Structure formats: structure tokens, C-alpha cells
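Commentary on secondary and tertiary structure
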Amino acid sequence: MTGTVEIRPAPHVQGDRSVERIMRHVVWSLVPVCAFFVFQYGISALASIAVVTGACLATERALLRTGTQSGRLADFSAVITGLLLALTLPPGFPLWMGAVAGAIAIALGKGLFGGLGFNVFNPALVGRAFAQAAFPTAIATYTPSFLPGRFAEFVPSSLAWPLMIPADAAGWLAQRRFDGLSGATPLAQWKFEGIQAGAQELLLSLTGHMAVGPAPLLILACGAYLAARRFLDWRIPAAVLGAAGAAAWGLHALDPGRYPNPFFMLFSGGLVLGAVYMATDMATSPVTPRGMWAYGALIGILTVVIRYYSGLPEGVMYAILIGNAATPLIERVTQPTPFGRGVLGRARKGASYPLHPGYISREEAGAVTPKKRILLNRPKRDERKPPAR
Amino acid sequence: MKLLNYFRGEAFQRGVHPPPQKAATAGRAIRRLPFPPRVTVPLLQHIGKAPQPVVRVGEEVVRGQPVATGDDWLCVPHHAPVTGVVEAIDLRPSARGPWVPSIVIRSHPGATQEDLWGEPRDMEAAAGPDILAAVRDAGLVGLGGAAFPTHAKLKVPDKAHVHTLVVNGCECEPFLTCDHRVMVEDADALVLGIRLAMRATGAVRAIVGIEDNKPDAVAAVEAAIARARAPEGDIHAEAVPTKYPQGSEKMLVMALFGAEIPAGALPVSLGMVVNNVGTLAALGALLPSGRGLTERVVTVTGPGVARPGDYRVPLGTPLRFVLDHAGAKGGGTTDSRQAVLGGPMMGQAIASLDVPVTKGVSGIVVFRHDDLAARDASRTYPCIKCGECVESCPMGLNPSTLGMLAAKREYELMGSRYHLGECFECGCCTYVCPSRIPLVQQFRVAKQVLRERAAA
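What counts and how
- Residues numbered from 1 in each chain as written.
- Chains lettered and ligands numbered in written order.
- Predicted model: local features only at pLDDT ≥ 70, side-chain atom pairs only at ≥ 80, totals over all residues.
- Heavy atoms only, no water.
- Helix = DSSP H or I, 4+ residues; strand = E, 2+ residues; numbered from the N terminus.
- Rg over C-alpha atoms; globule rule 2.2 N^0.38 Å.
- Buried < 20%, exposed > 50% of the residue type's maximum accessible area, 1.4 Å probe, protein only.
- Contact = heavy atoms within 4.5 Å.
- Core = buried A, V, L, I, M, F, W, Y, C linked by side-chain atoms within 4.5 Å.
- Axes fitted to C-alpha atoms, helices over the stretch in contact; angles between N-to-C directions.
- Parallel < 35°, antiparallel > 145°, perpendicular 65-115°, else oblique.
- Left-handed = near helix turned anticlockwise from the far one by under 90°.
- Nonpolar A, V, L, I, M, F, W, Y, C, P; charged D, E, K, R; others polar.
- Buried area = accessible area lost by both parts, 1.4 Å probe.
- Salt bridge = Lys/Arg side-chain N within 4 Å of Asp/Glu carboxyl O.
- Polar contact = N/O pair within 3.5 Å; in protein donor to acceptor, adjacent residues only side chain to side chain.
- Pairing = 2+ DSSP bridges.
- Phe/Tyr/Trp six-rings, centres within 6.5 Å; stacked < 30°, edge-to-face > 60°.
- Lys NZ or Arg CZ within 6 Å of the ring centre and 35° of its normal.
- pLDDT = per-residue confidence, 0-100.
- Disulfide = S-S within 2.5 Å.

1. Considerations on the overall build of chain B
Within chain B, the secondary structure is distributed over 16 helices and 17 strands. Relative to the globule expectation of 23 Å for 456 residues, the C-alpha radius of gyration of chain B, 22 Å, shows essentially globular dimensions. Projected onto its principal axes, the C-alpha positions of chain B cover 60 × 50 × 50 Å. When each of the 456 residues of chain B is scored for burial, the buried share is 60%. Sequence-distant contacts, at least 24 apart, represent 72% of the contacts inside chain B between residues at least 6 apart.

Below you can see the structure in the form of C-alpha cells.
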């Protein structure tokens, strides 16, 4: 190969971001969340994470062998799907059901569409939706966290034989004399029993034997790391949580007796996990900045609506799936405004020099009263500073 | 970082921060390259019409003597870069590939190579039209890379009013430092050039926009401004936050004035004329002496160059000669696998090292085999819709969607609905793409197809 020059089109330098790197960082950021999940629920949770992720990887491998898929095993995307799916399942979820859900997640959620980047719906949530429809009892059965001996003993339902109905967790709990504890999540407790969990229990899930999913604060911290390194877009979680909080606050203000406070709404159930890790799935969320806000707001509001008015205690999953379905439409109507086609004749705030040296033109005079700034993306009012000498 | 910038208010929206890679050459003074045994002057080195040769084969020429002239408005003359004898007027390879009509001059080995042509002029007294004529006679074109004839750029259209001369000293491309060194070393010529350009356009203020990674250039230009006491109006040197592609005139005007140049319009619609620092420094140096443009400053750098630096190179010098002197080990070996004319973000890789340095060549970047192999090692994936390209496109386009349309050859839709025509091929989208999709390359193809369809 000596004696040849190569001719390539510009650009001749390349940034350091790659698909593998993005996915790897998401996996790393999920490690503390998973570790805390295992710390809360013990060996059953660990087995669940391992089995579900293993099922995802095995399915991905089998589908890749067919040659019809984009991506490859080493791009870590199936690992993310597996970890997220395991985090949304109850820790005592029968392992064989977890394996089925993981296989469905990859096969129906991703493989059907052609693999990495082509999926319309978040694969982890497709798997979870399948599990919800197929195994409604098992998925609604949460065991309390911080049970003594949780690292030594499996929740009996975990180890059910394939295709067998799992052992009754409630009976097992009663046997172990945790009578005061129910296996219901805070959302189900609120919805069906009218008991509202306090802030501390929700935030840290450390205080009592509460049946709460992965700790919201930890997820927020990991998400902040990802957002700071730009491995996820901060607009989506901000929009989801903002819209859900605003909707819940509005309803709470209308009727405080009937609707819980927005804090409970935000930090119970899977909303934080969904906002930070599920809604931000790149392939299924809009690419346009304004579209991200709209998409996040849609998910947040849908979550509140489903939680309050439907028969289900939890609404994040369906809200995100509906948001995914709406993504192409959202993108279509929120295309970015090209440079020089927005509001013209106005100057941005904080510029070094006024647009015109001596006089104020008609355009600049008009710029004092900006209109429709949010919709038309940018130019704010001009700040007329004398030129720096 | 981006999050912070979002709240702080940036120079212009979006854009990228490629590693600057300028340390190897930024601190070195401009050195002069020896005269090559033979120079090749292509007749068309700028945007516009090619001038016609006014010398014959076998004729002796003196350095600085016009060798090709023309009458068309967008046509500038060429001057002999060396003293010697015209050896041939025929087709020679060009950077773009095809062989183009060129004048080949063999230099006299014993000649002093002093610039003896041209008569000194008193430019202090010259009025606007005289300056424009003198700029044209000097053969000046935009030295930043576009090579648009400078006199045409300085000519204010009828009914338009220009109040501001924007001088582009951003040099946002990685690796390149020629404008930086010119600002540091030729600041007085630059300020004189600015004053002449202000007089030619009628501008009452001039602002030199310099990226803030070149504080010494800002200081040098400020000192030269203070020395000059220009009667034409205010001249400022302004540091703007470093970001690619700030060297685009639209982005620079945005950074300085916070105003968008309307789509499809020129800066003159905002009453501005934008010129490159290298061009105006050459203007200030050439006009008073009455000489023509016979040499330019070229950054020779890159991983494959042993002695990187900024060199004053006679126009028409073959790249092989330049690279030999800068210590690049031959063309096409593993140590210099690819030579790029211009910067690495928008520059053009060349097929032959016999291509000459022309007026628009601002840099030569040489990459080794290993550098290319490192880029090849990363896999290409389908678009994962991360939105990073949308976040980086300075023109506010949606490269993600455009790329998917380009893959389906939906060129008409790209042009009509997704504003493909606004793309100026800065390459930010390809630079950031984690899936390594050749976005800007596809857009170039799409734009070319649309141009051909429009012409047909």
C-alpha cells in the first residue's frame, strides 16, 4: 500500500463520540442504580437483572445471526434494554417470565423493525407491556424492600418453574410475620387504599419496608451525569417531570382532598426512571429541540391522566409508548428554524456591537417589542450598548 | 459545557469545538520558502472568469509582471511569481482533479527574485473608485479560501449603503494559523488595508473579529489600530468566543452583532461588508507599493509534517516542493498518506502533489496512514437519532432527517422542505455523528444533483 495517496471528502477530522461510547456510558450510569436495586431487594433482584439482561443479549445474538439486523452485540444497546427492563419489573418477578419479557423486548421491540436505530418503540417498554398483559398478577406483586435475610433467600415466586404459576408471595410474607407490610407499591396503595407515602420514603426508599422501585434521587443523579456529558438530552426529562409536576399541581390545587400533591406524583412509581432513562431513548424520541419539549410534555401529562383516571395504578409505560408513537408527527411539526429565516431584523441580547453604528433603523426600533418569541425560536430584544472604545 | 453556554448566551447558536491543533505553528514566525525551479500559474484561481495570458512561450518575465489579464468584471490579473522564462502554456493538474490551462514559468536560478515591477503610489489621497481599480490590478482575491475577487466584494451595489466593515480574523479551522501569524506580524499592513477598504466602501466603522484563542493577535491588532489613528472612522479589535464555524461570515456577524443575515442575502443587506484579515493585510501591503499578488502565507502542518509552520510561498509553487521543505516524507508513503488543501473540516484532499499553491490555499495539512486508519476503525451504524447533528448545525437545519432523505435519494424534498440550499457544508454534522454517517458528503451530492436538475 505504499506509494498511494488517499482522497477522502471533508471533514478530515472526526469527533470522539461513537454509538458504543454513548451506550457504554449509559450502562455505566445504570450500574449504581442497579446496585442500589440489589441492595434493596437482595438476591432475587440480582437474579432478575442477570436473567433479563442475559435473555436480551441471547435474543440479540440470535437475531444478529440472521443478518437482517443493524448494530452488533458489542454496541451495548441490548444491555441497556435488559437492565432497564429488569428495573421496571418487581424484584420477585418469576425469572422465567423475566426471560420471556427480555426476549420479547428485543425481538418485537427492536428486531422486528430492523435493529438498532430503526425501532419505533422503546424495546424495554415493549417487553414490559408484554409482561403486563401476559402476567398481570405477577407484575403487580411487589415484595417489600430491606427484608432481613434478603441476600440469602430468594423470594419464592422468583424461582417458579417455567410455565408454572409462581408461589404466592403474600402467603410467604405472612409466614415471615411482616403483617404490617403490604406488597403494594405506593401508587397502588394510594389508588386502591388511599394511603399516601411520605417524602422521605419515596426519595430514598431507605426508611421502611416500602415496596418502591429504584431510588429516584439516585436515578436523577445518574441522569444528571449523562446529561452533563451529553449522552442524553436534558430537555426530555425536564419536560416530562415539569409537565407531570405542573399537571399534578394544578389538579392538587383544584381538589387537594382527591388528588395527591405533585411531589408524590413525581417521585412515586417509575416516573423518574421513565423520564430519565426510558423517554430519552434516542431512537424513539424526537431529534428537534422543540420536539423534545413537546414530546416530554406529552408524556408527563399523559402519565398524570393515566394515573388519575384509568384503572391502572401506573401510567408511565403507556405514556412513553404513546409518546414514541407520536414522535414522527412531533418531529414533523417542530423542525428547527433555519438560520436567517426566523424573526429578522432583530438583534440578540448581549451582542458586542449594535447593528448600526449611528442610528436606529426601523427594524431595530421594531425589535423593542418582541412577539411570539417562544414559537419562533430565539431573537430576543436588542440591548443597545454603545460600541466599546 | 454546552448546557452552560446555553444559558450564558453564545457567540452564535450551535457549532462544534474540534481540537484546535494550532500549538505547533501558532508561536512560530512566518518563514520564507525558497523559490522553486518551476512554478505553475493556473489561469482560473478564483470565482469568476479566467484571464487570458499576455505572455508567449519563451518570453522572459520579471517577478510581479502581469502574465494574464482580462476585461470581465469578475476577472483579476495574475502576476509572475518568479523571475524567469515562460516554459509552457498548456494543461496542468489542478486541486479539483481536471487539468486546467496554466502558465508554467521556469525560474532563473541566479535571479535576485526582487519584486521590481510596480510603482509606489500615494494611497492616502486615493478615493474609492481608484482603490477598487488598484485592488483589481493587484490581482487580489479572498485569501481565506473562497477566492472571490476582492474588488467585487468591496464594490457596494447601487442603492445599498454600507456602514460597517467586518474583518474576519476568526480562523476557526483546526490546524490553520496563517491568518493568526499575519495578524501578529503584519498588523500595520492590516490596519492600512482596513482603512483603504473602509474608504472604498464608505464604511464608518470597522470591527476585526478574532477568536479568543489568539490573544496575541488581538493585542497586536489593537496596538496597530492605536498607532494608525485612522481618519476614516472607528476600528475595533474584538475577541469572540472560539467556536467552529465562526469563520463563516454569517456566524461572525451573529457573534458580533447578534443579528442574522437573512437567508439567501449577503451581509450588505445589513449594511456590512466582510473581508478576511489575510486579504486586507495583503491589500495594505501591496497597494502602496503598486505590486501584484505574487505570494501568500500558507500553513503547512499536520501529523505528517516534521517542520510545521507558516511559510510565505510564491504562488504556483508545487505542493511537492512545499512539503519537501516542511519535512513531509514524500507523498503517498505511510507517513503522508493524505494531503489536504485548506483546513481539515472543509479542505480538499488532493490526488497529485504536482498541484500548485494557488491564491485560495490557506493551508496544507498532511495526515499519516495511522490517522486515517484510526478513523476507519470506528464502525458505521444506522442513525440512532441522537439529535447531536441538529444540535451542532450552525444553519439550524435538521441533518438527521436530511441524511435519511439523502439515503433514499429524495433530493427534491430535501431542497424544498428541509432547506438543503442553506447548508454551506461546514461538516459539523459529520464531525459529531456518533454513527459515523457521512452526512455532509451526502448533502454535497444532493446539492450537486439539485443544481444539475435546475440547470437541465
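Now that the structure has been shown, the text picks up again.
2. A few points about the nonpolar core
Residues A:Leu30, A:Leu84, A:Phe93, A:Tyr277, A:Tyr308 and A:Ile320 are the most contacted members of the largest nonpolar core, which totals 81 residues. Among the elements that take part in this core, helix H1 (residues 19–41) of chain A stands out by supplying 11 residues, more than any other.

3. Describing the packing of helix H11 (residues 235–254) of chain A against helix H13 (residues 271–278) of chain A
Residue and element names in this part refer to chain A. Where H11 meets H13, the axes come as close as 8 Å, and the angle between the chain directions of the two elements is 150°. The pairing of H11 with H13 is recorded here as roughly antiparallel in orientation. Handedness of the H11/H13 crossing: right-handed. On the side of H11, the interface is formed by Pro237, Val240, Leu241 and Ala244, while H13 contributes Leu271, Val272, Ala275 and Val276. Looking at the contact of H11 with H13 residue by residue, the class counts come to eight nonpolar, no polar and no charged.

4. Describing unusual backbone geometry
In this structure, A:Pro11 follows A:Ala10 across a cis peptide bond, with omega equal to 0°. With respect to the helices and strands, the residue A:Pro11 is situated in the segment before H1. Here B:Tyr244 and B:Pro245 are connected by a cis peptide whose omega angle stands at -5°. Within the secondary structure layout, B:Pro245 lies in the loop between strand S11 (234–240) and helix H8 (249–257). A positive phi angle, close to 65°, is found at B:Glu425, a residue other than glycine. On the secondary structure map, B:Glu425 appears in the loop between helix H14 (411–417) and helix H15 (428–432).

5. Regarding the interface of chain B and chain A
Taken together, the contacts link 85 residues of chain B with 64 residues of chain A. A buried area of about 6,600 Å², summed over both sides, lies between chain B and chain A, and 55% of it is on carbon and sulfur atoms. Connecting chain B to chain A are four salt bridges. When the shortest N-O distance is used, the salt bridge between B:Glu388 and A:Arg230 registers 2.9 Å. Linking chain B to chain A there are 20 residue pairs in polar contact (both at pLDDT 80 or more).

6. Some remarks on the pairing of strand S5 (residues 66–69) of chain B
Residues and elements named next belong to chain B. Of the strand pairs in this sheet, strand S3 (residues 52–53) and S5 are connected by two bridges, and their pairing is antiparallel. By the bridge assignment for S5, Pro53 is matched with Ala68. As paired strands, S5 and strand S6 (residues 78–79) are joined by two bridges and run antiparallel to one another. Across the sheet, Pro66 pairs through a bridge with His79, a residue of S6.

7. Quick look at the packing of helix H10 (residues 216–228) of chain A against H13(A)
Residues and elements named next belong to chain A. Axis separation between H10 and H13 bottoms out at 9 Å; the angle between their running directions is 15°. In terms of orientation, H10 and H13 fall into the roughly parallel class. Of the two elements, H10 crosses H13, and the hand of that crossing is left-handed. Listed contacts from H13 to Pro216, Ile219, Leu220, Cys222, Gly223 and Leu226 of H10 are Val272, Leu273, Val276 and Tyr277. Within the contact of H10 with H13, the residues separate by chemical class into nine nonpolar, one polar and no charged.

8. Details of the side chain of B:Gln246
Along the chain, B:Gln246 falls in the loop between S11 and H8. For B:Gln246, the side chain forms a polar contact with the side chain of B:Glu211, separated by 3.5 Å.

9. What about the packing of aromatic side chains?
Inspection of every chain in the model, using the stated rule, returns 11 aromatic pairs over all chains. Plain terms: the ring middles of A:Phe93 and A:Phe135 are 6.1 Å apart, the flat faces sit at 65° to each other, and that makes the pair edge-to-face. Residue A:Phe93 is found in the loop between helix H3 (77–88) and helix H4 (95–109), and its partner A:Phe135 is found in the loop between helix H5 (123–134) and helix H6 (136–140); the two are separated by 42 residues along the sequence. Residue classification places A:Phe93 among the buried positions, given a relative accessible area of 1%. Summarising the aromatic geometry, the rings of A:Phe130 and A:Phe135 are spaced 6.3 Å apart at their centres and angled 90° between planes, so their arrangement reads as edge-to-face. A connected cluster of aromatic rings, assembled from ring pairs, spans A:Phe93, A:Trp96, A:Phe130 and A:Phe135. Lying across the ring of B:Tyr381, B:Arg379 places its NZ or CZ 5.4 Å from the centre.

10. Description of the confidence of the model for chain B
Residue and element names in this part refer to chain B. Chain-level statistics for chain B give a pLDDT mean of 88 and a share of 97% at 70 or above. In this model residues 1–9 is a low-confidence stretch, pLDDT under 50, and it forms 11 contacts with partners more than four residues away in sequence or in other chains. Across the whole predicted complex the pTM is 0.86, and at the interface the ipTM reaches 0.86.

11. Considering the sheet that holds strand S8 (residues 99–107) of chain B
Residue and element names in this part refer to chain B. Reading across from one edge, S2-S8-S7-S4 is the order of the four strands in this open sheet, with antiparallel pairing throughout. For this open sheet the edge positions go to strand S2 (38–42) and strand S4 (60–61), each flanked by a neighbour on one side alone. In the sheet, strand S7 (residues 84–93) pairs with S8 via nine bridges, with the strands oriented antiparallel. Counted as the bridge partner of Ile89 is Ile103 from S8.

12. A look at the sheet that holds strand S1 (residues 31–32) of chain B
Residues and elements named next belong to chain B. Strand order in the open sheet formed by six strands is S1-S14-S13-S17-S15-S16, and the pairing between neighbours is mixed. The sheet is open, and its two borders are formed by S1 and strand S16 (348–349), each paired with just one other strand. Note that S1 and strand S14 (residues 309–314) share two bridges and pair parallel. Considered in S14, the bridge of Arg31 is made with Tyr311. Along the sheet, helix H5 (residues 178–185) contacts strand S13 (295–301) and S14; its crossing angle with S13, the most-contacted strand, is approximately 125°.

13. Points about the state of the cysteines
Under the criterion given, the structure shown has zero disulfides over all chains. Here A:Cys56 is not cross-linked by a disulfide; its sulfur's nearest cysteine counterpart is in A:Cys34, at 12 Å.

14. Focus on the environment of A:Ala152
Looking at the secondary structure, you find A:Ala152 in the loop between H6 and helix H7 (169–175). Residues A:Ala152 and A:Ala58, spaced 94 residues apart in sequence, show a C-alpha to C-alpha distance of 28 Å.

15. Notes on the pattern of salt bridges
Taken as a whole and judged by the stated rule, the model has 25 salt bridges over all chains. One salt bridge in this structure joins A:Arg235 and A:Asp233, with 3.0 Å as the shortest N-O distance. Of the two residues examined, A:Arg235 and A:Asp233, each falls in the buried class. Notably, a salt bridge pairs B:Arg444 with B:Glu425, separated by 3.3 Å at the nearest N-O pair. Linking B:Arg444 in helix H16 (residues 439–455) with B:Glu425 in the loop between H14 and H15, this pair joins segments that are 19 residues apart in sequence. Owing to a relative accessible area of 22%, B:Arg444 belongs among the partly exposed residues under this scheme. Accessibility expressed as a relative area gives 19% for B:Glu425, which makes it buried.

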